[in-house]
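Okay, here's what each chain looks like letter by letter:
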Amino acid sequence: MYHAVTRKPPAPPDDAAEDEAPPDSPRKERVLHTRVPAVLEEELKRFAKNLRVPVSNVVRAILEDALKMADRATGSVEDRLKDVVAVVHNERENLQSKLKKLDPLDDVLAFQPLVLAMPTECTACQSSLRRGESGWLGMTTDPARRVIVCGACLPKPEPEPNNQPKEPS
Ligand SMILES: [Zn+2]
């Protein structure tokens, strides 16, 4: 049984420093595919649905927490993840703010329509997008980051403020 990990102040750097990734490329991201037990998947999906965020964001947030204590890990990663899932279950608020920071569309400045030349996945909702379908490219400040969203995840126009109707020009 592990204690709440998300409430801890940042992990002490002194004994974790050894194995840490080089700090030079903090935003370089990779896609990992992994198998998880059905029960864990269930829990992750339920959790993500409650928070209305992509499952991948939940996994990412959890992995980040798990890795913080991985240097002291004794059990299997799977056990550890289960423990963390149990913990975050009770740490909803904390995780929510964490996930907000991980919103994949958070740093998007604009969306540009495009026609997909190869199948891909919506960055926001993970739905599959086929070749030839319309997608929208999210422009971020990080050129190495690729954000493509489906029509459903495209931001809707905010309602115009009603007080001063514009004249057509
Ligand atoms: Zn989408």
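Residues numbered from 1 in each chain as written. Predicted model: local features only at pLDDT ≥ 70, side-chain atom pairs only at ≥ 80, totals over all residues. Heavy atoms only, no water.

S.K.: Is there a simple way to think about the overall build of the protein chain in this case?
M.R.: In terms of regular secondary structure, the protein chain is built from five helices and five strands. Here the protein chain, with 169 residues, has 27% of them falling under the buried criterion. Accessible surface computed for the protein chain: about 12,900 Å², of which carbon and sulfur atoms make up 54%. (Helix = DSSP H or I, 4+ residues; strand = E, 2+ residues; numbered from the N terminus. Buried < 20%, exposed > 50% of the residue type's maximum accessible area, 1.4 Å probe, protein only. Areas by Shrake-Rupley, 256 points an atom, 1.4 Å probe, with all protein chains shown as cover.)

S.K.: What am I meant to see in unusual backbone geometry here?
M.R.: Positive phi, close to 65 degrees, is recorded for Q126, a residue that is not glycine. Within the secondary structure, Q126 sits in the loop between strand 2 (120-121) and strand 3 (128-129).

S.K.: Help me understand the confidence of the model for the protein chain in this model?
M.R.: When pLDDT is low, close inspection of the predicted coordinates is not appropriate. A residue-level look at the protein chain finds 67% of positions with pLDDT of 70 or above and a mean pLDDT of 75. Considering each helix and strand of the protein chain separately, the mean pLDDT is smallest for helix 1 (residues 13-16), with a value of 45, and largest for strand 3, with 96. Here residues 1-21 is a poorly scored stretch, pLDDT under 50, and it has 21 contacts once near neighbours within four places are set aside; other chains count. (pLDDT = per-residue confidence, 0-100. Contact = heavy atoms within 4.5 Å.)

S.K.: Can you help me understand the coordination of the zinc ion in this one?
M.R.: Ideal coordination angles are 109.5 degrees for a metal with four donors arranged tetrahedrally and 90 or 180 degrees for a metal with six donors arranged octahedrally. Distances from the zinc ion to its protein donors, namely C122 (SG), C125 (SG), C150 (SG) and C153 (SG), fall within the range 2.2 to 2.3 Å. Between consecutive donor residues of the zinc ion, the sequence gaps follow C-x2-C-x24-C-x2-C. Residue C122 is located in the loop between strand 2 and strand 3, and its partner C150 is located in the segment after strand 5 (147-149); the two are separated by 28 residues in the primary sequence. (Donors = N, O, S within 2.8 Å, 3.2 Å for Na, K, Ca; no water.)

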